[in-house]
Amino acid sequence: MINSIKSIFILVVAFISISAQSKEESLLYLKSNLEFIASDELEGREATSHGEQIASLFIAKELKKYGIKPFGDDDTYFQNFNMAVGSVSPSSVISLTDNSGELTGFEFKDDFLFAGAPFYPDNSFSGKEYEMIFAGYGVISEKEDYNDYANLDVTGKVVVVLNGTPLESLDNMGYRAMRNFKSNIADSLGAAGMIIVTEEKLYGYWGMIQKYMSGKSYALENEVNEKKSIPFIYFSKDALTNLLEKEKYNYEELNEFINKKEKPESFTLNQKIKLEFETVYEIKNARNVIGVLEGNNENLRDEFVTVGGHYDHEGIRNGVVYYGADDNGSGTVAVLETARLLAERKENQRSILFFFYAAEEKGLLGSKYLANHVDYINDVVANINMDMIGREGENHLHNIGSGRLSTEFYNLIKEANDKSVKLDFDYKYDAPNDPNNFYRRSDHYHFALKGIPVVFFFDDMKEDYSKPTDTVDKINFNKVYKVTKLVEEIALKVANLGHRLKVDKLVVK
Ligand SMILES: [Zn+2]
């Protein structure tokens, strides 16, 4: 009796020490991998940069070491794609002429900016003079019988519109979607360009807007033609005040209309506008990294559970490295570690793919390319995405999107968590009308658009987000370890289900 209790005790101690040992081993991998990924030498891993190339090589070498096979182009770990990188020449100018022929000149960046991707390869707008016409909010809604363009001919003219909308039904559209919505309407009516009159409070962020909109724009090369649109122009507050000074309404008055959500009358401006700008774009190569752990059931092997995270970050700006240790070095090393652990177990019946996306920071371009260019996309049964998982409370984790397409996936994830690391899931960002829109802001989204059940794990690190201070010393590796174990558990459960995950809901776009 005593002997058997003793042997149980020994077994328990042995088990505890093995799992403690494997945790220590995982922590070692997570730390040393992240110290490399988020090092000075990798220069912030900006898509198309040298740092990105080194990072992708490192990831591929690690995968090989763990026994994960290549699943990219031509039996390599890499899936290459081309991006168009566009920018506006800093010497671009806009000028206004009034009836007396007097000229006012504005300079790019200081006085005006272009929103969206400046892909006008033929530069056809440049050097021409246009009439300007004011068209309310620039919105048409059949549903609400509302039309800012009623009785207006805007063909060949630059349309001036107010920011926002007086229509409640469009209020949740989000900033970028609203901009595209308005410029598409103007474009379809034959307008030559659009000037946006923003409310005064937005000028509190002018410095930030300047930084982003004067930089480069990125698009997948095969989508450049779709990105072409009419120029969408923002003026600085001074320039806008100047532009509207002698017109029917001045800036102050239009600002009041926006604040009250009221609609001013349309009018043709007295001045004409001349756009003189040059846009340039070049083609550059970036690459996703893809590895496979083949399933051990030949009937299920051709279906794939996918685990991913983006490995790119923002590179070097003004000589400063943006390390992106949490965003998304943490997710990158967690995908690697999940791969290592699952490769040791080899218990998966379906195959498991490991995705390391490039160019997430350029608009989710790597995952967009991947989801649209692999021939096995219809055999992907789930996509698990980690983007920032090593900061904030150790047991707190945002769980986004898991119930949008599949109730079964939602429950499976909950159960996997309850039986393993017991993290406190926070579903607050999962509300369909959440203004932060995180559901659409990371790589899983392109899989959700294909009807594939997704889950996005995220820590919502605020303090160092998108700053050079997002460094390794601030990472909580216990948290990264817990999320890794959770993902390992979920991936294996989905890989070994007797049926394909059930999709019982519509895609919420
Ligand atoms: Zn990220």
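**Looking at the overall build of the protein chain**
So, point 1. What the protein chain contains, in helices and strands, is 12 helices and 22 strands.
So, point 2. Computed over the C-alpha atoms, the radius of gyration of the protein chain is 26 Å, within 12% of the 23 Å expected from 2.2 N^0.38 for a compact globule of 509 residues.
So, point 3. Principal-axis analysis of the C-alpha atoms gives the protein chain an extent of 105 × 45 × 40 Å.
So, point 4. Expressed as a percentage of its 509 residues, the buried residues of the protein chain come to 54%.
So, point 5. Taking the contacts inside the protein chain whose residues are at least 6 apart along the sequence as the reference set, 83% of them involve residues at least 24 apart.
So, point 6. Surface exposure of the protein chain reaches about 22700 Å², of which carbon and sulfur atoms provide 49%.
So, point 7. With 58 positive and 79 negative side-chain charges, the protein chain shows a spacing of 5 Å between the two charge centroids.

**Structural notes on the packing of aromatic side chains**
So, point 1. In the structure shown here, the tally under the stated rule is 29 aromatic pairs.
So, point 2. Taking 5.7 Å as the distance between ring centres and 65° as the angle between the ring planes, the aromatic pair formed by Phe108 and Phe112 counts as edge-to-face. Accessibility assignment for this pair places Phe108 and Phe112 in one class, buried.
So, point 3. Taken together, a centroid distance of 5.6 Å and an interplanar angle of 85° make the contact between Phe112 and Phe114 edge-to-face.
So, point 4. A relative accessible area of 0% places Phe112 in the buried class.
So, point 5. Put simply, the rings of Phe106, Phe108, Phe112, Phe114, Phe235 and Phe277 touch in pairs and so form one group of aromatic residues.
So, point 6. For Arg404, the ring lying beneath its charged end belongs to Tyr439, and the centroid distance is 3.9 Å.

**Some thoughts on the layout of surface pockets**
So, point 1. Empty space within the second largest pocket amounts to approximately 290 Å³.
So, point 2. Lining the second largest pocket we find 13 residues, and of these Ser19, Ser22, Tyr481, Lys485 and Glu488 sit closest to its centre.
So, point 3. Across the lining of the second largest pocket, the residue classes break down as three nonpolar, three polar and seven charged.

**Comments concerning the sheet that holds strand 6 (residues 128-134)**
So, point 1. Here eight strands make up an open sheet; going across it, the order is 4-3-13-6-9-10-12-5 and the pairing mixed. Each having just a single partner strand, strand 4 (103-107) and strand 5 (112-114) make up the two edges of the open sheet. In this sheet, adjacent strand axes meet at a mean angle of 30° when their direction is disregarded.
So, point 2. Pairing of strand 3 (residues 93-97) with strand 13 (residues 267-276) involves five bridges; the strand directions are antiparallel. For Leu96, the partnering residue across the bridge sits in strand 13 and is Ile273.
So, point 3. Against the sheet, helix 4 (residues 206-213) makes contact with strand 5 and strand 12 (232-235), and its axis sits at roughly 50° relative to strand 5, the strand it touches most.
So, point 4. Taken strand by strand, helix 6 (residues 237-244) contacts strand 3, strand 4, strand 10 (193-197), strand 12 and strand 13, and its axis lies near 100° from that of strand 12.

**With respect to helix 12 (residues 477-495)**
So, point 1. Spanning 19 residues, helix 12 covers 26 Å between terminal C-alpha atoms, matching the ideal 27 Å at 1.5 Å per step.
So, point 2. Most of helix 12 is tucked away, with 15 of its 19 residues classed as buried.
So, point 3. The N-cap of helix 12, judged by a side-chain oxygen 3.0 Å from the amide nitrogen of Asn478 a few residues on, is Asn476.

**A closer look at the coordination of the zinc ion**
So, point 1. Protein-derived coordination of the zinc ion comes from His310 (NE2), Asp327 (OD), Asp387 (OD) and Asp387 (OD), at a distance range of 2.1 to 2.6 Å.
So, point 2. Around the zinc ion, the four donor atoms sit at angles spanning 54 to 147°, and that spread fits a shape best called irregular.
So, point 3. Counting residues between consecutive donors of the zinc ion along the chain gives the motif H-x16-D-x59-D. Of this pair, Asp327 sits in helix 8 (residues 325-345) while Asp387 sits in the loop between strand 19 (380-386) and strand 20 (396-400); the two residues are 60 residues apart in sequence, bridging distant segments of the chain. An identical accessibility class is assigned to Asp327 and Asp387; each is buried.

**Remarks on the pairing of strand 13**
So, point 1. Examined bridge by bridge, strand 6 and strand 13 share six bridges and lie antiparallel to one another. From the neighbouring strand, Lys128 faces strand 13, where its bridge partner is Leu275.

**Overview of the packing of helix 8 against helix 12**
So, point 1. Taken N-terminus to C-terminus, the directions of helix 8 and helix 12 make an angle of 50°; their axes are 9 Å apart at the nearest point. One finds that helix 8 runs oblique with respect to helix 12. For the crossing formed where helix 8 meets helix 12, the hand is right-handed. Residue-level inspection shows Ser330, Val333, Ala334, Glu337, Thr338, Leu341, Leu342 and Arg345 of helix 8 in contact with helix 12, the latter providing Val480, Thr484, Lys485, Val487, Glu488, Glu489, Ala491 and Leu492.

**Quick notes on the domain arrangement of the protein chain**
So, point 1. Each assigned domain of the protein chain is listed here: domain 1 (29-84 + 285-495) and domain 2 (90-277).
So, point 2. For domain 1 and domain 2, the distance between their C-alpha centres works out to 38 Å.
So, point 3. Facing the 13 residues of domain 1 at the interface are 12 residues of domain 2.
So, point 4. In total, about 1100 Å² of surface goes out of reach between domain 1 and domain 2, with carbon and sulfur atoms giving 53% of it.
So, point 5. The interface formed by domain 1 and domain 2 contains one salt bridge.
So, point 6. The shortest N-O distance in the salt bridge between Glu223 and Lys368 comes to 2.9 Å.
So, point 7. Remark: the boundary between domain 1 and domain 2 carries four residue pairs in polar contact (both at pLDDT 80 or more).

**Here's the deal with the packing of helix 10 (residues 407-419) against helix 12**
So, point 1. Here helix 10 crosses helix 12 at 130°, and the two axes come no closer than 9 Å. The orientation of helix 10 relative to helix 12 falls into the category oblique. The handedness of the crossing between helix 10 and helix 12 is right-handed. Of helix 12, the residues touching helix 10 (which contributes Phe409, Leu412, Ile413, Glu415, Ala416 and Asn417) are Leu486, Glu489, Ile490, Lys493 and Val494.
So, point 2. A breakdown of the residues in the contact of helix 10 with helix 12 according to their chemical character gives seven nonpolar, one polar and three charged.

**Structural notes on the pattern of salt bridges**
So, point 1. Summed over all chains, the structure comprises 25 salt bridges.
So, point 2. Between Asp148 and Lys263 there is a salt bridge, with the nearest N and O atoms lying 3.2 Å from each other. Taken together, the residues Asp148 in the loop between strand 8 (146-147) and strand 9 (158-162) and Lys263 in the loop between helix 7 (251-260) and strand 13 connect sequence positions 115 residues apart.
So, point 3. Since its relative accessible area comes to 2%, Asp148 is described here as buried.
So, point 4. Of the charged contacts in the structure, one is a salt bridge between Glu488 and Lys485, with a shortest N-O distance of 3.0 Å. Separated by three residues within a single helix, Glu488 and Lys485 lie in helix 12, roughly one turn from each other.
So, point 5. We classify Lys485 as partly exposed; its relative accessible area is 23%.
So, point 6. Ionic contacts of the salt-bridge type, sharing partners, join the residues Glu25, Glu337, Arg340 and Glu344 into one network.

Reading guide: rules and limits
Residues numbered from 1 in each chain as written. Predicted model: local features only at pLDDT ≥ 70, side-chain atom pairs only at ≥ 80, totals over all residues. Heavy atoms only, no water. Helix = DSSP H or I, 4+ residues; strand = E, 2+ residues; numbered from the N terminus. Rg over C-alpha atoms; globule rule 2.2 N^0.38 Å. Buried < 20%, exposed > 50% of the residue type's maximum accessible area, 1.4 Å probe, protein only. Contact = heavy atoms within 4.5 Å. Areas by Shrake-Rupley, 256 points an atom, 1.4 Å probe, with all protein chains shown as cover. Lys, Arg positive; Asp, Glu negative; His and termini not counted. Charge placed at Lys NZ, Arg CZ, Asp CG, Glu CD. Phe/Tyr/Trp six-rings, centres within 6.5 Å; stacked < 30°, edge-to-face > 60°. Lys NZ or Arg CZ within 6 Å of the ring centre and 35° of its normal. 1 Å grid on protein atoms, 1.4 Å probe; cavity = no way out; pocket = protein on both sides within 12 Å on 5 of 7 lines; lining within 4 Å. Points joined across faces, edges and corners; volume = space filled by probe spheres on them. Nonpolar A, V, L, I, M, F, W, Y, C, P; charged D, E, K, R; others polar. Pairing = 2+ DSSP bridges. Axes fitted to C-alpha atoms, helices over the stretch in contact; angles between N-to-C directions. Expected span 1.5 Å × (residues − 1). Polar contact = N/O pair within 3.5 Å; in protein donor to acceptor, adjacent residues only side chain to side chain. Donors = N, O, S within 2.8 Å, 3.2 Å for Na, K, Ca; no water. Tetrahedral: all angles 85-135°; square planar, octahedral: opposite > 155°, others 65-115°. Parallel < 35°, antiparallel > 145°, perpendicular 65-115°, else oblique. Left-handed = near helix turned anticlockwise from the far one by under 90°. Domains from an automatic or database assignment. Buried area = accessible area lost by both parts, 1.4 Å probe. Salt bridge = Lys/Arg side-chain N within 4 Å of Asp/Glu carboxyl O.

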